[in-house]
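# Understanding the architecture of this molecule
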Amino acid sequence: MNQTPDPTKSDATIGIDVGGTGVRAVAVLADGQRAGKVHRAPLKSRERSEVLGRIVDVVAQATAEVSGTVAGIGVGLPAFLELPEGIVRLAPNLPELNGWKAAEELETALRCPVAVENDANAAAFGEHWLGVGAGRDPFLLLTLGTGVGGGIVLNGEVLHGRRGMAAELGHITVYPDGAPCGCGARGCLEAHASATAIVRMFMEETARMEEAAFREVYGPREDVTAQALAELAARGDTPAFTAFARAGTALGIAVGTLVHVFDPAAVALGGNVAAAWDLLFPSLWEELLARASLSLRDGFALLPASLGSDAGAVGAAGLAWRRVQTA
Ligand SMILES: [Zn+2]
């Protein structure tokens, strides 16, 4: 495995994306062409040995499709990492990984150079390499799912900050006295623009409805999802529409701040919630124009991400190429 890669051959790196419920992998050639399909393995438990075992499984499956050498492996983890050592400081959805010397143990298990990265950073790198961010620098990605993640690519590199904790864009304050956030603070973007937040805001919008009337229209409260609300909003349901519009406003405030700091060429929105682009965009753009109109001239782009749920794995493969090419 561990040979010098020759980009003119069919050598590939393998990118891994570790999520809270499963692991996915894809092999990618140096020119960005995929060398095989995306392999997935669900996590049967959240133990460290299970995560490592499933990573080894999907690497074996992806390796079988590579006709040349596997030059390196990139792993995106849903965690705050300490870099450059590659140690998991905090993995909110996979707490068994806390304290894991991920880079070191993965290199031993996979017998290959390994680059570890925060999953949202890996997705941003992927979108910048092969997706909507190609040729756009600085490039910022916000991933809107259960939480809100972020990644920043600056001069072609993931922005890590001092110890790898940069670009936690979900925890930018948008409302100083806003809703409580999982991080312990209040009014974070995540608390006003995640899927969880959209459901909460919908409940606020419908708080005055009689319970029976609510159930007749929307079903049991506990079954309401952001995805279902997106469908309702698109069909003209006012409370659902308002919940998305409020999320768009919060995003506009956050993106306005980011535009002032980075003067980016593009900001992209990814993740499941971003599929409701048409619902988020009007209030987002209105708020952004009100806060940062000067910076939006001359080609700034606000765009939906284009790699979907593969962005993290593709980006991890790109980071592995970066690692072996600069080693
Ligand atoms: Zn927060």
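Structure: above.
Quick notes on the rules
Residues numbered from 1 in each chain as written. Predicted model: local features only at pLDDT ≥ 70, side-chain atom pairs only at ≥ 80, totals over all residues. Heavy atoms only, no water. Pairing = 2+ DSSP bridges. Helix = DSSP H or I, 4+ residues; strand = E, 2+ residues; numbered from the N terminus. Contact = heavy atoms within 4.5 Å. Axes fitted to C-alpha atoms, helices over the stretch in contact; angles between N-to-C directions. Salt bridge = Lys/Arg side-chain N within 4 Å of Asp/Glu carboxyl O. Buried < 20%, exposed > 50% of the residue type's maximum accessible area, 1.4 Å probe, protein only.

This paragraph deals with the sheet that holds strand E9 (residues 148-154). Spatially, the five strands line up as an open sheet ordered E10-E9-E8-E11-E12, and their pairing is mixed. Edge positions in the sheet fall to strand E10 (157-158) and strand E12 (301-304), since each has one partner strand and no second. Two strands pair when backbone bridges link them, and E9 and E10 are joined in this way by two bridges, in the antiparallel orientation. By the bridge assignment, valine 153 is partnered in E10 with valine 158. Strands strand E8 (139-144), E9 and strand E11 (266-270) of the sheet are contacted by helix H8 (residues 238-262), whose axis makes an angle of about 160 degrees with E8. The strands touched by helix H9 (residues 277-292) within the sheet are E8, E11 and E12, with E12 carrying the most contacts at an inclination of about 160 degrees.

For the rest of this paragraph, the subject is the pattern of salt bridges. In the structure shown here, the tally under the stated rule is 14 salt bridges. Arginine 24 serves as the salt-bridge partner of aspartate 310, at 3.1 Å between the closest nitrogen and oxygen. Of this pair, aspartate 310 sits in the loop between E12 and helix H10 (311-326) while arginine 24 sits in strand E2 (residues 22-29); the two residues are 286 residues apart in sequence, bridging distant segments of the chain. For aspartate 310, a relative accessible area of 14% puts it in the buried group. Across the pair arginine 323 and glutamate 107 runs a salt bridge, and its minimum N-O distance is 2.9 Å. Highlighted residues: arginine 323 in helix H10 and glutamate 107 in helix H2 (residues 102-110), separated in sequence by 216 residues. Owing to a relative accessible area of 35%, arginine 323 belongs among the partly exposed residues under this scheme. For glutamate 107, a relative accessible area of 28% puts it in the partly exposed group. A cluster of three or more residues bridged by salt bridges with shared partners is formed by Glu82, Glu85, Arg89 and Arg163.

In short, geometric facts, not functional conclusions.
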